[in-house]
Structure formats: structure tokens, C-alpha cells
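Chain by chain, the residues run as shown.
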Amino acid sequence: MIELKPEANADWWEVEALLDLCFAPGREALSSYRLRDGIPPVPGLSLVARDESGILIGAIRYWPVRVDGAAALLLGPVAVHPTHQGEGLGAVLIRDSLAAATANGWQRVMLVGDAPYYSRFGFDKLEDVEMPPPTNPERVLGQDLVPGAWTGVTGRVTRWDADP
């Protein structure tokens with residue numbers, strides 16, 4: 001049995017160790033980390049998954065950002081322990097957290113990732129939304145959490161604490 005629950009402060013370093021295991025060295029040099037640095041993840045949306053022994057086997061985080069002043073969620077990273085990959089846990093983390101984001105009143109979500117994978121969750125390429133360099137614009141994806149939320153939202157993605 002797998003238990004999903006909101007990430008707590010006590011989970012932070014365990015989640016970081018999972019991310020280190022699942023991603024290449026230097027992940028913190030990516031442009032998305034500059035948007036996250038010093039900004040706490042969105043409470044209640046960042047989830048952890050634990051197995052029946054209480055071992056952390058998955059995690060997903062969300063960060064608030066702005067796109068030309070408009071509020072958006074930045075999804076990522078999402079990670080599943082290698083011993084549990086291929087079991088659908090990543091999909092559960094994504095679907096459950098997107099439902100929570102919608103229930104919490106967020107209108108739009110974005111990420112940097114592979115379109116073939118994330119399109120099954122409703123993500124499409126965002127036109128004219130610019131992540132800080134170096135980010136491949138083909139990998140900048142978004143989803144409306146309410147109909148039309150991305151319509152007319154273009155420009156640079158900036159830190160949440162930047163002036164809107």
C-alpha cells in the first residue's frame with residue numbers, strides 16, 4: 001500500500017536525496033532552480049509517496065512563478081525511486097497534485113519536460129512563454145487548470161517574489 005501526503009518540512013532532505021538519486025549531477029544548475037531558489041514549495045501541492053514500511057518512494061513539488069505578472073505554478077521536479085519506476089506512481093503523483101492545484105484555486109501550471117510524456121496529462125507546448133536560458137523552448141509546456149487560463153499569457157517566467 002502506498003500513502004500519498006503533503007510534503008512536510010521534515011521530508012525536505014529525504015526528498016532531496018531522492019532527487020539526487022533520480023537526476024543527473026548538477027540538476028541545481030538548471031534555469032528552473034533559479035526560479036525556485038529561496039522560494040518555498042506551494043504548501044499542500046508538493047506531495048510525497050511512502051511505501052508500507054514508510055520509505056520514501058516518490059515526490060512531486062510545485063513552485064509559484066509569474067509569467068509577465070500572471071501567477072502560475074511551476075511543476076517539478078517529480079521523481080520516483082528506481083525500484084518503483086514503471087508502476088504508475090509518477091502518474092498518480094501528477095494527477096493527484098493537479099487535482100489539488102485546481103481545488104486550491106490555481107489557474108495555470110507549467111513545466112519544462114518531454115511533450116510525449118506530459119501530453120497524456122493535458123500539457124501542451126506554451127507559445128511565447130520564455131523560461132530563463134538555457135531552456136529549450138520546445139520543452140516549455142503548460143496546462144489550463146481553468147478553461148482559457150493561458151490565453152493571452154505570454155512573456156518571461158520570473159520568480160514569485162519579483163514585482164508583478
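Remember, it's a predicted structure, so these values are computed and weren't measured experimentally.

Colleague: Looking at this structure, how should I read the overall build of the chain?
Modeller: Scanning the chain from terminus to terminus reveals four helices and nine strands. In the chain, the succession of helices and strands from N to C terminus is β-α-α-β-β-β-α-β-α-β-β-β-β. The globule rule puts the C-alpha radius of gyration for 164 residues at 15 Å, and the 15 Å found for the chain is close to it. Its C-alpha atoms give the chain principal-axis dimensions of roughly 45 × 30 × 30 Å. When each of the 164 residues of the chain is scored for burial, the buried share is 47%. Residue pairs at least 24 apart in sequence account for 69% of intrachain contacts in the chain once pairs closer than 6 positions are excluded. A total accessible area of about 8,500 Å² is found for the chain, and carbon and sulfur atoms account for 54% of it. Across the chain, 14 positive and 22 negative side-chain charges occur, with their mean positions spaced 2 Å apart.

Colleague: Would you explain the pattern of salt bridges in this entry?
Modeller: When charged atoms on two side chains of opposite charge get close, those side chains can pair. Following the criterion strictly, the structure yields seven salt bridges and no others. A salt bridge links Glu 7 to Arg 61; the shortest N-O distance between them is 2.8 Å. Here the residue Glu 7 occupies a position in the loop between strand 1 (3-6) and helix 1 (12-22), and Arg 61 occupies one in strand 3 (residues 56-67), the gap between them amounting to 54 residues. In this structure, Glu 7 and Arg 61 share a single accessibility class: buried.

Colleague: Quick question: what am I supposed to make of the confidence of the model for the chain here?
Modeller: Summarising the model, the chain shows a mean pLDDT of 91, and 93% of its residues fall at 70 or more. At the level of individual helices and strands, the chain shows its lowest average pLDDT in helix 2 (residues 31-36), which scores 75, and its highest in strand 8 (residues 140-144), which scores 97.

Colleague: Help me understand the packing of aromatic side chains, please; the structure alone is not making it clear to me.
Modeller: How two aromatic rings sit relative to each other is given by the distance of their centres and the angle of their planes. What the rule picks out here adds up to six aromatic pairs. Considering the side-chain rings of Tyr 118 and Phe 121, the 6.5 Å spacing of their centres and the 55 degrees angle between planes classify their relative orientation as tilted. Phe 121 gets classed as buried once you look at its relative accessible area, which sits at 9%. Centre to centre, the rings of Tyr 118 and Phe 123 are 6.0 Å apart; their planes meet at 80 degrees, and the pair counts as edge-to-face. With relative accessibility at 12%, the residue Tyr 118 sits in the buried group.

Colleague: Would you explain helix 1 in this entry?
Modeller: At 3.6 residues per turn, the α-helix brings residues three or four places apart onto the same side. Of all the positions in helix 1, only Val 15, Glu 16, Leu 18 and Leu 19 are classed as buried. Take helix 1 and look down its axis: the buried residues cluster within an arc of 160 degrees, on one side only. Away from its buried face by more than 90 degrees, helix 1 exposes Trp 13 and Asp 20. Along its buried surface, helix 1 packs onto strand 2 (47-50), strand 3 and strand 4 (70-80).

Colleague: Help me out: how do you make sense of the nonpolar core in this one?
Modeller: The nonpolar side chains of a soluble globular protein tend to be buried with one another. Counting 25 residues, the largest nonpolar core has Ile 60, Tyr 62, Leu 73, Leu 93, Val 109, Tyr 118 and Phe 123 as the members making the most contacts within it. The set of elements that each furnish at least two residues to this core consists of strand 2, strand 3, strand 4, helix 3 (89-103) and strand 5 (108-112). It is helix 3 that provides the largest number of residues to this core, a total of six residues. Leave out the neighbours within four places in its chain, and Tyr 62 touches Pro 41, Val 42, Leu 45, Ser 46, Leu 73, Leu 74, Leu 75, Ile 94, Ser 97, Leu 98 and Val 109. Counting 15 residues, the second largest nonpolar core, distinct from the first, contains Met 110, Met 131, Trp 150 and Val 153.

Colleague: Honestly, the pairing of strand 8 in this entry has me stumped. Any pointers?
Modeller: Remember that side chains alternate between the two faces of the sheet whenever the strand is regular. Within strand 8, four of the five residues are buried, which leaves the element mostly enclosed by the surrounding structure. Sheet analysis places strand 6 (residues 124-125) next to strand 8, joined by two bridges and oriented antiparallel. By the bridge assignment for strand 8, Lys 125 is matched with Leu 141.

Colleague: Help me understand helix 3, please; the structure alone is not making it clear to me.
Modeller: The first and last C-alpha atoms of helix 3 sit 21 Å apart over 15 residues, in line with the 21 Å expected at 1.5 Å per residue. Among the residues of helix 3, those classed as buried are Leu 89, Gly 90, Ala 91, Leu 93, Ile 94, Ser 97, Leu 98 and Ala 101. A positive backbone phi angle near 90 degrees is found at Gly 105, which sits one or two residues after helix 3.

Calculation rules
Residues numbered from 1 in each chain as written. Predicted model: local features only at pLDDT ≥ 70, side-chain atom pairs only at ≥ 80, totals over all residues. Heavy atoms only, no water. Helix = DSSP H or I, 4+ residues; strand = E, 2+ residues; numbered from the N terminus. Rg over C-alpha atoms; globule rule 2.2 N^0.38 Å. Buried < 20%, exposed > 50% of the residue type's maximum accessible area, 1.4 Å probe, protein only. Contact = heavy atoms within 4.5 Å. Areas by Shrake-Rupley, 256 points an atom, 1.4 Å probe, with all protein chains shown as cover. Lys, Arg positive; Asp, Glu negative; His and termini not counted. Charge placed at Lys NZ, Arg CZ, Asp CG, Glu CD. Salt bridge = Lys/Arg side-chain N within 4 Å of Asp/Glu carboxyl O. pLDDT = per-residue confidence, 0-100. Phe/Tyr/Trp six-rings, centres within 6.5 Å; stacked < 30°, edge-to-face > 60°. Arc of directions from axis to C-beta. Core = buried A, V, L, I, M, F, W, Y, C linked by side-chain atoms within 4.5 Å. Pairing = 2+ DSSP bridges. Expected span 1.5 Å × (residues − 1).

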